[in-house]
Amino acid sequence: MIVQLPGLIDIHVHLREPGATHKEDFLTGSSAAIAGGFTYILDMPNNPIPTFSIEALEQKVSLSKEKARCDIGFHYGTDGNNLDTFPQAWNDSAVFGLKIYCNETTGKYVVTEEELLDRIFAAWRSLKPILVHAEGNMLPKMLFLARKHQRRIHVCHVATAEDVQIIQKEKAIYDQITCGVCPHHLFLTTDDESRLSGFFRVKPPIGNQDDQDALWEGIHDGTIDIVESDHAPHTKEEKTVAEPAYGMPGLETTLGLLLRAVHDKRLPMKIVLALLYDRPKRIFSVPDQKDTYVTCDPDEPYRIGEDGYFTKCQWSPFDGWEAYGKVRRVVFRGATIYQDGRFLI
Ligand code: DOR
Ligand code: ZN
């Protein structure tokens, strides 16, 4: 049976424009979003020229307005040298949060120095959340700083059983914490590494079965608030060299994988909607999108990648997997813009 869903929200994508448009750009990335059922996405700051200045932010806003097929918001970023620009950033309606990288990943904009992190948390005097990439011992440090400065914190891509446990404990004493999990951490384990080789490489790394089990439990007990794709496209060439780039695409596969979990009775449909719409909307104050919705048949199986991809990178770690509920139609502000695999505009 065909059902109607709200236009979904992905708060964590890397659309690569400007500066790395050989991997993705606002047109291809937003097309992948629409084909995957997402009509509002939030883009990360780790471009070659990072979104650490108002000029870089304005450039992204204008390029996206020109080219994108869906609504796009932005997370501002910091290396600790742009604190004076924070008020202008958080007052900008295109900005939804501040992203801090505490561990090495694409772009290498890492901040680990505690005194500097403390100043960053002090300076972000906004209700818009601080998003952290915090693996290992950086996670407790960031949770501590959020509570110390009474800031809202969103922990991106929780990937280990230990992280789930730490967040669960901290949530019991401080209620301004939210967190997200990625589909690749929910559906892949270290057992997939030899098969996927460089395409498996992502930050945070994919864990073992115990980690994956803890993530699913975290979804069911409410420790995990949202699913974020961390759509991080790299070319096939960049994934097959000696030191492959970190990251994998996710916008076109997230919904189908979660609807497969619904089909397998591992997840109720209403939790899928909480993870991909209600909670991201509430946590990041994403505006309403009038006359915008998506249709699909959640009982209908399909093969991931059977009709190709809209993402410029043209691959997925889930290529050939059975998923459910391929997006049939997307209505965006009253107009059907996508139907049965094709864009109508
Ligand atoms: O694997 C990753 N890729 N993790 C990140 O945090 C960044 C992303 C990217 O931008 O490629
Ligand atoms: Zn990311």
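This text follows the structure it describes.
Residues numbered from 1 in each chain as written. Chains lettered and ligands numbered in written order. Predicted model: local features only at pLDDT ≥ 70, side-chain atom pairs only at ≥ 80, totals over all residues. Heavy atoms only, no water.

S.K.: Please set out helix H5 (residues 138-149) residue by residue, giving values where relevant.
M.R.: When the terminal C-alpha atoms of H5 are compared, their 17 Å separation across 12 residues agrees well with the 16 Å that a helix rising 1.5 Å per residue should span. Those residues of H5 that sit buried are Met138, Leu139, Met142, Leu143, Leu145, Ala146 and His149. Down the axis, H5 shows its buried residues gathered within 160° of arc, on one side only. Buried residues along H5 sit against strand E5 (95-101), helix H4 (114-123), strand E6 (130-133), strand E7 (153-155), helix H6 (161-173) and strand E8 (177-181). With its phi angle positive at about 55°, Gln150 sits one or two positions after the end of H5. (Helix = DSSP H or I, 4+ residues; strand = E, 2+ residues; numbered from the N terminus. Expected span 1.5 Å × (residues − 1). Buried < 20%, exposed > 50% of the residue type's maximum accessible area, 1.4 Å probe, protein only. Arc of directions from axis to C-beta. Contact = heavy atoms within 4.5 Å.)

S.K.: Quick rundown of the site of ligand 1? Include the residues and the values.
M.R.: Taken together, 13 residues are adjacent to ligand 1, and Arg16, Asn46, Thr105, Thr106 and Lys203 come closest. Taking Asn46, its side chain carries an N or O atom lying 2.9 Å from an oxygen atom of ligand 1. Gly247 places a polar main-chain atom, nitrogen or oxygen, 3.2 Å from an oxygen atom of ligand 1. Taken together, the residues of the shell around ligand 1 sort by class into three nonpolar, seven polar and three charged. (Near = heavy atom within 4 Å. Polar contact = N/O pair within 3.5 Å; in protein donor to acceptor, adjacent residues only side chain to side chain. Nonpolar A, V, L, I, M, F, W, Y, C, P; charged D, E, K, R; others polar.)

S.K.: Any chance you could break down the sheet that holds strand E9 (residues 226-227) for me, citing the residues and the numbers?
M.R.: Taken in spatial order, the eight strands line up as E2-E3-E4-E5-E6-E7-E8-E9 in an open sheet, and their pairing is parallel. Single-partner strands in this sheet number two, and they are strand E2 (8-13) and E9. Here strand E4 (residues 71-77) runs beside E5; their pairing, made up of four bridges, is parallel. Looking at the pairing, Phe74 lines up with Val95 of E5. Each of E5, E6 and E7 touches H4; the most contacted strand, E5, lies at about 170° to it. (Pairing = 2+ DSSP bridges. Axes fitted to C-alpha atoms, helices over the stretch in contact; angles between N-to-C directions.)

S.K.: Which residues make up the coordination of the zinc ion (ligand 2), and what values do they have?
M.R.: For the zinc ion (ligand 2), the full set of protein donor atoms is His12 (NE2), His14 (NE2) and Asp230 (OD), at a range of 2.0 to 2.2 Å. Within one chain, the residues donating to the zinc ion (ligand 2) are spaced in sequence as H-x1-H-x215-D. Of this pair, His14 sits in the loop between E2 and helix H1 (26-35) while Asp230 sits in the loop between E9 and helix H10 (254-263); the two residues are 216 residues apart in sequence, bridging distant segments of the chain. Each member of the pair, His14 together with Asp230, is buried. (Donors = N, O, S within 2.8 Å, 3.2 Å for Na, K, Ca; no water.)

S.K.: If you had to explain the environment of Leu188 to someone new, which residues and values would you point to?
M.R.: Within the secondary structure, Leu188 is located in the loop between helix H7 (183-187) and helix H8 (193-196). In this structure Leu188 comes out as buried when scored by relative accessible area, which is 1%. C-alpha separation for the pair Leu188 and Ile173, spaced 15 residues apart in sequence, amounts to 32 Å. Not counting chain neighbours up to four residues away, the residues in contact with Leu188 comprise Arg195, Leu196, Ile206, Gln212, Met248, Pro317, Phe318 and Trp321.

S.K.: Can you tell me about the pattern of salt bridges, naming the residues and giving the values?
M.R.: According to the stated counting rule, one finds 20 salt bridges in the structure shown. Between Glu104 and Lys108 there is a salt bridge, with the nearest N and O atoms lying 4.0 Å from each other. A salt bridge links Lys290 to Asp291; the shortest N-O distance between them is 3.7 Å. Residue classification places Asp291 among the partly exposed positions, given a relative accessible area of 47%. (Salt bridge = Lys/Arg side-chain N within 4 Å of Asp/Glu carboxyl O.)

S.K.: Pulling in residues and values, what's your account of the pairing of E8?
M.R.: With respect to burial, E8 is a largely interior element, five of its five residues being buried. Covered by surrounding structure in E8 are Ile177, Cys179 and Val181 together with Thr178 and Gly180, the residues of both alternating faces. Bridging between E7 and E8 involves three bridges; their strand directions are parallel. Among the inter-strand pairings, Ile153 is bridged to a residue of E8, identified as Ile177. A crossover connection joins E7 to the parallel E8 through H6; in handedness this β-α-β unit is right-handed. (Right-handed = clockwise from strand over helix to strand, strands pointing away.)

S.K.: So what's going on with the sheet that holds strand E1 (residues 3-6)? Residues and values would help.
M.R.: With respect to topology, five strands assemble into an open sheet ordered E1-E10-E13-E14-E15, the strand pairing being antiparallel. Edge strands, defined here as strands with exactly one partner in the open sheet, are E1 and strand E15 (342-343). Bridge analysis of strand E10 (residues 293-296) against strand E13 (residues 327-332) gives four bridges, and the strand direction is antiparallel. Across the sheet, residue Thr295 finds its bridge partner in E13, namely Arg329.

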